[in-house]
Structure formats: structure tokens, C-alpha cells
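The chain contents come next:
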Amino acid sequence: MNRNFHAAALIAAMSAFTILLRFLPFAVFRKKVPNYVIYLGKVLPPAIIGMLVVYCLRNTAVRIPPFGMPELIAITAIIILQVKTRKSLPSILAGTAVYMLIIRLI
């Protein structure tokens, strides 16, 4: 089998499956969305963000220098920007930039 054909077939299969998964909720819940789906739509995004924060900070060394200070400063910047602007993307991008500048320059 040709490598290009194999890659194209994989991409086509993944694309079709992704489109199917995106379309499926609209097909299943045509008339009325169940209350548990509405509940999950409200609680899952904050829960996923919390899990991502824990995952990102899992290897932070707090007993050796710099004692987790770059992470703490970046998280503080994210929280301040989020409270002031209420826009997640700029807050996360700014926090990432702050963290990268701290670990590269200091």
C-alpha cells in the first residue's frame, strides 16, 4: 500500500469520525435536551479546567529552588487577568507568556 494513500485514508477516517461525533448530539436530541445533559454542560468545563491545572502543576518542585515561584507568578497573572477581563484566551496566553519569560530570562 502506498504511504500517501495510507495517510490519506487515516486522515479521512479520523475526519469522518470527528464529524460524526460532532453531529451525533444534534441527531439524538432533536426535540428536547435532557436535564442531565444540560447539567453536564454546566459542570464539565470547570471540572476539565481544574483537572488540566492539576495535571500541569503535578511535577512542580516546591522543595528546591525556585520553589515553584514561576508557576505561582504565572497562575497569579492568569487569575488577575481573568478577574479583570473575563476572557479566558487572553488570560491563558498572558500567563503562558509570563511563565515562559520567567523560566527563560531569570
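The name given to the chain in an unreviewed UniProt entry is Putative branched-chain amino acid transport protein AzlD, and the organism recorded there is Catonella morbi ATCC 51271.

Mapped onto the present numbering, the UniProt feature "transmembrane region" (unreviewed entry) falls on residues 7-24, 36-57, 64-83 and 89-105. Along residues 64-83 one finds 75% helix and 0% strand; the C-alpha atoms at either end are 31 Å apart.

A few words on the side chain of Ser-91. With respect to the helices and strands, the residue Ser-91 is situated in helix H4 (residues 88-105). The class for Ser-91 is buried, based on a relative accessible area of 1%. One polar contact links Ser-91 to Gln-82, side chain to side chain, over a distance of 3.3 Å. Setting aside anything within four residues of it in sequence, one finds Ser-91 in contact with Ile-78, Leu-81, Gln-82 and Thr-85.

What follows concerns unusual backbone geometry. A cis amide bond, omega 5°, links Pro-65 with the succeeding residue Pro-66. With respect to the helices, strands and loops of the structure, Pro-66 is situated in the loop between helix H2 (35-57) and helix H3 (69-85). Despite not being glycine, Phe-67 has its phi angle at roughly 60°, a positive value. With respect to the helices and strands, Phe-67 occurs in the loop between H2 and H3. Of note, the phi angle at Arg-86 is positive, near 60°, even though the residue is not glycine. When its relative accessible area of 65% is taken as the criterion, Arg-86 is described as exposed.

The rules we used
Residues numbered from 1 in each chain as written. Predicted model: local features only at pLDDT ≥ 70, side-chain atom pairs only at ≥ 80, totals over all residues. Heavy atoms only, no water. UniProt positions renumbered as here; feature names shortened; annotations may be inferred. Helix = DSSP H or I, 4+ residues; strand = E, 2+ residues; numbered from the N terminus. Buried < 20%, exposed > 50% of the residue type's maximum accessible area, 1.4 Å probe, protein only. Polar contact = N/O pair within 3.5 Å; in protein donor to acceptor, adjacent residues only side chain to side chain. Contact = heavy atoms within 4.5 Å.

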